[in-house]
Each structure stands twice: as structure tokens, then as C-alpha cells.
Amino acid sequence: MQSGSLRDCFFSSDPLYRPPGKGKKIMYLVSVDTNKCTGCGECTEACPANILEVTDGTAEVVGEDCLGCESCVAVCPAEAVSVQEL
């Protein structure tokens with residue numbers, strides 16, 4: 001068994017867990033499809049990094065420190081939010 005593989009497997013169901021990189025910072029791009037967004041605010045409540053905000057009835061990205069947990073994606077009833085690893 002490789003070192004760390006059990007830990008990675010054990011925590012893989014935790015949406016906030018990301019396996020440690022090899023000194024490389026992982027960055028994420030959050031996008032909101034304004035044509036789909038209803039402005040319900042579910043994504044803003046779910047985001048642990050507080051990078052989303054509802055303004056003028058639509059969610060928008062207001063920060064740069066996305067954790068990549070995809071909590072916002074999971075709770076969006078309109079499927080308007082996406083997270084992409086860069």
C-alpha cells in the first residue's frame with residue numbers, strides 16, 4: 001500500500017478534503033451562469049470561503065480563495081454554479 005493512500009481513500013467522501021499536493025498550490029475558478037441563476041443565495045450560505053455574494057438578484061464571485069469543495073455546486077437548485085480546477 002502506498003503511503004497516504006488509506007488517508008486519501010478515507011477522506012475522499014469529505015467535500016472539504018483535498019489530498020496534499022507536491023508543493024503545488026491548487027487554484028479553482030468559480031463561475032456563475034447568470035442566465036440560470038435565480039438569486040436564491042443557497043450558494044452564498046454554503047460557501048465556507050465566503051467568495052460568493054448575491055447582488056441585484058444574481059450570485060457573483062467576489063473573492064479569490066475558493067477551496068474547491070464544490071459546496072456551492074451541490075446546493076444550487078438551478079445548477080448555475082460550476083467549479084473548475086486550474
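Computed from a predicted structure; not experimentally measured. (Residues numbered from 1 in each chain as written. Predicted model: local features only at pLDDT ≥ 70, side-chain atom pairs only at ≥ 80, totals over all residues. Heavy atoms only, no water.)

> Can you explain the overall build of the chain? Please cite residues and give values.
Secondary structure summary: the chain contains 3 helices and 4 strands in total. Of the regular secondary structure in the chain, the N- to C-terminal order runs α-β-α-β-β-α-β. Counting across all 86 residues of the chain, residues that qualify as buried make up 24%. Relative to all contacts within the chain whose residues are 6 or more apart in sequence, the contacts with residues 24 or more apart total 51%. (Helix = DSSP H or I, 4+ residues; strand = E, 2+ residues; numbered from the N terminus. Buried < 20%, exposed > 50% of the residue type's maximum accessible area, 1.4 Å probe, protein only. Contact = heavy atoms within 4.5 Å.)

> How would you sum up the side chain of Thr44? Please name residues and give values.
With respect to the helices and strands, the residue Thr44 is situated in helix α2 (residues 42–46). Polar contacts involving the side chain of Thr44 include one to the main-chain carbonyl oxygen of Gly41, which spans 2.6 Å. With near-sequence residues (within four places) excluded, Thr44 lies in contact with Leu52, Glu53 and Val54. (Polar contact = N/O pair within 3.5 Å; in protein donor to acceptor, adjacent residues only side chain to side chain.)

> Tell me about a nonpolar patch on the surface, residues and numbers included.
Where nonpolar side chains cluster on the molecular surface, the patch consists of Met27, Leu29 and Leu86 and spans about 300 Å² of accessible area. Here Leu86 shows up in the segment after β4 (81–85). A relative accessible area of 60% places Leu86 in the exposed class. (Patch = residues over 30% accessible without salt bridge, like charges linked within 9 Å, V, L, I, M, F, W, Y side chains within 5 Å. Areas by Shrake-Rupley, 256 points an atom, 1.4 Å probe, with all protein chains shown as cover. Salt bridge = Lys/Arg side-chain N within 4 Å of Asp/Glu carboxyl O.)

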